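Residue-level listing of the chains:
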Amino acid sequence: MLILLPPSEAKAVRHRGSALRWDTLSAPELTDARARVAQALVEVGTDEQAFRTLGVSPGLVEEVARNTRLMSAPTLTARELYTGVLYDALDLASLDAGSSRRASARLRVVSALYGAVRMSDRLAPYRLSMAVNLPGTGPLAAFWRPHLEPVLSAAAGRGLVVDCRSSTYAAAWTPSGSLAQRWVQVRVPGATHMAKHTRGLVARELCRRTEDPRRPEGLPELLAGRFSVDLHPPGRPGRPWVLDVQPA
């Protein structure tokens, strides 16, 4: 099972520690693409139009400034770096040893800077959205698409793709071929805050469970004890199954 998560806008920071090393990250085939985005981001960060380019408020001076220090800033693991509603609900730190191992194997964060990362990857804090048209790379979702296709398809293998990403990050990779038949999009009716919280809880529950269904029809049974779920088949070929989820 491959569980796809979006990054958080806010990032934790550390004041001491090792700097970013591309060769330590998972999916080394993404190294060149990561370095290209990083270089473009550093260059944008020194421009007076950086806020406009990145689509952020001028009040986020320090967060934009961090982009210029990517290669020297102290790193954190992805499980420490990403914060906010979804990650609070996921609460990786409180998982037992077996669930933590499954989280390491099953979870991937899709990132505008790093492409796709495991929770153990050590990353430098940054501010960048997949919606950005970055000078030097162009629209980031389109830039990452061909790079992520082989990496995430291989990570999914013969299992399910459980997609907890927002539409902005879903645009960077869409499962295709036979894998599209095992692609399940988690949909949560209601406000954005509740949707993020519930997706975090769903990801956590799937990491807690030892079962690893190979067909979308197996997901509702795994989640039924904790959630109200309703699974809908794809509207047309190449589209995901949709799992409507609400806390029970």
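You'll find the structure just up there.
Residues numbered from 1 in each chain as written. Predicted model: local features only at pLDDT ≥ 70, side-chain atom pairs only at ≥ 80, totals over all residues. Heavy atoms only, no water.

Caption draft 1: Molecular detail of the nonpolar core. By size, the foremost hydrophobic cluster in this structure holds 81 residues, and its most contacted members are Ile-3, Leu-5, Leu-107, Tyr-114, Leu-128 and Trp-144. Ranked by residues supplied to this core, first place goes to helix α7 (residues 140-156) with 8 residues. Not counting residues up to four positions away in its chain, the partners in contact with Leu-128 are Val-37, Leu-41, Leu-54, Ala-112, Leu-113, Leu-134, Leu-140 and Tyr-169. (Core = buried A, V, L, I, M, F, W, Y, C linked by side-chain atoms within 4.5 Å. Buried < 20%, exposed > 50% of the residue type's maximum accessible area, 1.4 Å probe, protein only. Helix = DSSP H or I, 4+ residues; strand = E, 2+ residues; numbered from the N terminus. Contact = heavy atoms within 4.5 Å.)

Caption draft 2: Inspection of the packing of helix α1 (residues 31-45) against α7 at higher detail. As a packed pair, α1 and α7 sit with axes 10 Å apart at the nearest point and diverge in direction by 165°. By the criterion of interaxial angle, the relationship of α1 to α7 is roughly antiparallel. For the crossing formed where α1 meets α7, the hand is right-handed. When α1 is examined against α7, the residues Ala-33, Arg-34, Arg-36 and Val-37 are found in contact with a partner set consisting of Leu-140, Phe-143, Trp-144 and His-147. (Axes fitted to C-alpha atoms, helices over the stretch in contact; angles between N-to-C directions. Parallel < 35°, antiparallel > 145°, perpendicular 65-115°, else oblique. Left-handed = near helix turned anticlockwise from the far one by under 90°.)

Caption draft 3: The arrangement of α7 in detail. Between its terminal C-alpha atoms α7 stretches 22 Å, which fits the 24 Å expected from 17 residues at 1.5 Å a residue. If you look at α7, its biggest bend is around 50°, right at Leu-148, and the proline Pro-150 turns up within four residues after that. Restricting attention to buried positions, one finds in α7 the residues Leu-140, Ala-141, Phe-143, Trp-144, Leu-148, Val-151, Leu-152 and Ala-156. Gly-157 sits one or two residues past α7 and shows a positive phi near 55°. (Expected span 1.5 Å × (residues − 1). Bend = angle between axes of the 7 residues up to and from the residue.)

Caption draft 4: Expanded view of the environment of Tyr-169. Along the chain, Tyr-169 turns up in helix α8 (residues 167-170). Judged by relative accessible area, which is 9%, Tyr-169 ranks as buried. Apart from residues lying up to four places away in sequence, Tyr-169 is in contact with Pro-6, Pro-7, Val-110, Ser-111, Ala-112, Leu-128, Ser-129 and Met-130.

Caption draft 5: Region of the structure containing the packing of helix α6 (residues 97-106) against helix α9 (residues 192-208). For the pair α6 and α9, the least separation of the axes is 8 Å and the interaxial angle reads 115°. Taken together, the axes of α6 and α9 lie roughly perpendicular to each other. Crossing of α6 against α9: the hand is right-handed. Only Leu-206, Cys-207 and Arg-208 of α9 make contact with α6, whose side of the interface consists of Ser-99, Arg-102, Ala-103 and Arg-106. Partitioned by chemical class, the residues of the contact of α6 with α9 number 3 nonpolar, 1 polar and 3 charged. (Nonpolar A, V, L, I, M, F, W, Y, C, P; charged D, E, K, R; others polar.)

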